[in-house]
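# Structure assessment
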Amino acid sequence: MSVVLAEKTKVTLDGETLTLEQVVAVARYAAKVELHPTAKERVLKSREYVDQLIEGNQTVYGITTGFGKFSDVLISKDDAKKLQRNLIMSHATGVGEPLAPEVVRGILLLRANALAKGFSGIRLSTLQTLINVLNAGIVPVVPEKGSLGASGDLAPLSHIVLVLLGEGEAFYKERRMNGREALAQAGIEPVVLEGKEGLALINGTQVMTAIAALAVWDAEILCESANIAAALSLEALEGILDAFDPKIHAVRPHQGQNDVAKKIRQLTEGSTFVANEQHPRVQDAYALRCIAQVHGPSGDAVAYVKKVVETEINSATDNPLIFPDESAVLSGGNFHGQPIALAMDFLGIAMAEMANIAERRLERLVNPNLSGLPAFLTPNGGLNSGFMIVQYSAASLVSENKVLAHPASVDSIPSSANQEDHVSMGTIAARKARSIIENTGHVLGMELLAACQGLDLRTGKEELQLGKGSEGAYRLVRSKVASLGEDRVMYMELNLAKELISSGKIANAVRFELDRKGIIFS
């Protein structure tokens, strides 16, 4: 997978059709954003109705009342502006390290897209300022911790709005500065909030969803890369290909399982490293034999999570929602992050399992009692330790993943004097899933290097042939990292291997190799 949008391509927001690829293009590669004309019309219509409500002194939550437990406190028309500013100032209570710039850009994009649906009652000028901040490259400083995931991501979103007001902090042109200075340098006027606008800007799930969107994109790449690393390990360990026979998988027709089995067959087609008819083993250990049955369900989980995220990025998730055509303002609970919370917990578990089985293959590679290879993949063991501590590091990451995989969504702490008595913890779930994905990329990179080392150490390697797909992966690795003879410092090589895995470069190399040989890798 890769984003192919040209650098100058603009992503047009209409609130309905934003894609995951466009989110990545804006968040990770700074594609520019504009509003669709129909979105502008909806925003103007919604705002006109809100202005009527304010002028008429009608009692509407968050417009002429306080928030949360204070929903029964009426606010005068004269205090409507102050109410919205006070909301932002009081709710900006996040703590911890700043979220990554790509996450913050994703948040800005998703909030703008939600507002573009026309159910939030924001002024068009305020929405345009939000987009201008994004396009200018201003990245608000948003502490990573402090969201309950209902009512939305109140605290972190408030830190973003602070910058729109000329408050808070932002990164701009590689400097951290106050929000007013960042706006001034970019030539953007601070916003003065009108009635409903503060609530419209912070009541939503865009923080957890931005993290989720990037996580699911990266997880898809890892799933493809994991199959390639596993195929190389299968060859290095002289695995038995019978376990991937299509007849086995046809009688258990889970989509992911069948897809992985097919890809392993494509990757290893023509390989003479794998076990032949004369090999004494009848079957392999599960870490090899059950690659399809483990990788496949994880891939299915990623596909499910992707659908949830694609729905959420085009949803209106604030409260109350404005329906001008029906002359209605309705209070509901679309800000509740449960869909993302459950999906992110599921994604974290699925990707932790990818690391679990990869580490078991790595253990088999370094263990001479299981591999038939020199101990710890070094030709001169004792004097050299080879890949001994690489497996330690992998085991550490896998153990950390097991802690992180505990679901956040099963927890809830009441807030706002028990008015908000069940919350999702979706942002915690998303952050944990992102950490698991990062760890899993490292484990797969370690397996990748170990598998290539194992192939190099196979007796009679000169007479052996790699699979039609795995050959491309092996060549790419060896163009970047030399085979290990004597011990050397390896941490930079491990980071490089992780980058080959997580960027999709290893998958692209395999796809190119198979395409050259007339095989469609799918």
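Let us now look at the pattern of salt bridges. Using the criterion set out here, one finds 31 salt bridges in the structure. Residues R47 and D51 are paired through a salt bridge, measuring 3.0 Å at the closest nitrogen-oxygen approach. Taken together, the positions of R47 and D51, both in helix α2 (residues 37-55) and four residues apart, correspond to about one turn of that helix. Take R47: its relative accessible area is 6%, and that puts it in the buried class. For the salt bridge of K498 with E438, the shortest nitrogen-to-oxygen distance reads 3.1 Å. With K498 in helix α19 (residues 491-502) and E438 in helix α17 (residues 426-457), this pair connects stretches of sequence that are 60 residues apart. When its relative accessible area of 39% is taken as the criterion, E438 is described as partly exposed. If you follow the salt bridges from partner to partner, you end up with E471, R475, E513, R516 and K517 in one network.

In total, this model carries two aromatic pairs according to the counting rule given. Aromatic pair F119 and F323: ring centres 5.4 Å apart, planes at 45°, arrangement tilted. Taken together, the residues span a long stretch of sequence, with F119 in the loop between α4 (101-115) and α5 (124-136) and F323 in strand β8 (residues 321-323) at a distance of 204 residues. Given a relative accessible area of 24%, F323 falls into the partly exposed group.

Here we come to unusual backbone geometry. Omega for the bond connecting A150 with S151 falls within 30 degrees of zero, at 5°, which places this linkage in the cis form. Topologically, S151 is positioned in the loop between β5 (143-145) and α6 (154-164). Omega for the bond connecting N319 with P320 falls within 30 degrees of zero, at -5°, which places this linkage in the cis form. With respect to the helices and strands, P320 occurs in the loop between α13 (291-312) and β8. Its identity is not glycine, yet S327 carries a phi of approximately 50°, on the positive side. Position of S327 among the secondary structure elements: in the loop between β8 and β9 (328-330). One non-glycine residue, F376, lies in the positive phi region at around 60°.

M344, L347 and M351 are the most contacted members of the largest nonpolar core, which totals 155 residues. By residue number, the principal contributor to this core is helix α9 (residues 206-236), which donates 21 residues. In this structure, M351 is in contact with A219, L222, C223, V302, I436, I437 and T440, ignoring residues within four places of it in sequence. Among the nonpolar cores identified, the runner-up in size contains seven residues, and Y49, V50, L53 and I322 belong to it.

Let us look at the pairing of strand β6 (residues 169-172). In β6, alternate side chains face the same way, and those of A170 and Y172 are buried while those of E169 and F171 on the opposite face are not. Examined bridge by bridge, strand β4 (residues 139-140) and β6 share two bridges and lie antiparallel to one another. Directly across from P140, in β6, lies its bridge partner A170. As paired elements, β6 and strand β7 (residues 175-178) share four bridges and run antiparallel to each other. When the bridges of β7 are listed, E169 appears paired with N178.

Our next topic: a nonpolar patch on the surface. A surface patch of nonpolar side chains, amounting to about 360 Å² of accessible area, comprises V489, Y491 and M492. Mapped onto the elements of the fold, Y491 is located in helix α19.

Another aspect to go through is the packing of helix α1 (residues 20-29) against α9. Following both chains from N to C, one finds α1 and α9 inclined at 110°, their axes separated by 10 Å at the closest point. On the basis of the axis angle, α1 is roughly perpendicular to α9. Along its contact with α1, which presents L20, E21, V23, V24, A27 and R28, the element α9 presents A213, L214, V216, W217 and D218. Tallied by class, residues from the contact of α1 with α9 come to eight nonpolar, no polar and three charged.

For the rest of this paragraph, the subject is the layout of surface pockets. Empty space among the atoms can be located by rolling a probe the size of a water molecule over them. Empty space within the largest pocket amounts to approximately 450 Å³. Surrounding the largest pocket, 26 residues form its lining, H91, S151, L154, S416 and E420 being those nearest its centre. The set of elements that each furnish at least two residues to the lining of the largest pocket consists of α3 (80-91) and α6. Here the lining of the largest pocket takes three residues from α3, the largest share from any one element. Split into classes, the residues belonging to the lining of the largest pocket amount to nine nonpolar, 15 polar and two charged.

The next subject is the sheet that holds β4. Strand order in this open sheet of three strands is β4-β6-β7, and the pairing throughout is antiparallel. The two strands at the open ends of the sheet, each matched to only one other strand, are β4 and β7. Each of β6 and β7 is contacted by helix α7 (residues 179-186), which is oriented at about 110° to β7, the strand it contacts most.

Taken as a whole, this structure holds three cavities of 30 Å³ or more when the rule is applied. Taken as a whole, the largest cavity holds about 50 Å³ of empty space. By residue class, the composition of the lining of the largest cavity is six nonpolar, one polar and three charged.

Parameters and conventions
- Residues numbered from 1 in each chain as written.
- Predicted model: local features only at pLDDT ≥ 70, side-chain atom pairs only at ≥ 80, totals over all residues.
- Heavy atoms only, no water.
- Salt bridge = Lys/Arg side-chain N within 4 Å of Asp/Glu carboxyl O.
- Helix = DSSP H or I, 4+ residues; strand = E, 2+ residues; numbered from the N terminus.
- Buried < 20%, exposed > 50% of the residue type's maximum accessible area, 1.4 Å probe, protein only.
- Phe/Tyr/Trp six-rings, centres within 6.5 Å; stacked < 30°, edge-to-face > 60°.
- Core = buried A, V, L, I, M, F, W, Y, C linked by side-chain atoms within 4.5 Å.
- Contact = heavy atoms within 4.5 Å.
- Pairing = 2+ DSSP bridges.
- Patch = residues over 30% accessible without salt bridge, like charges linked within 9 Å, V, L, I, M, F, W, Y side chains within 5 Å.
- Areas by Shrake-Rupley, 256 points an atom, 1.4 Å probe, with all protein chains shown as cover.
- Axes fitted to C-alpha atoms, helices over the stretch in contact; angles between N-to-C directions.
- Parallel < 35°, antiparallel > 145°, perpendicular 65-115°, else oblique.
- Nonpolar A, V, L, I, M, F, W, Y, C, P; charged D, E, K, R; others polar.
- 1 Å grid on protein atoms, 1.4 Å probe; cavity = no way out; pocket = protein on both sides within 12 Å on 5 of 7 lines; lining within 4 Å.
- Points joined across faces, edges and corners; volume = space filled by probe spheres on them.

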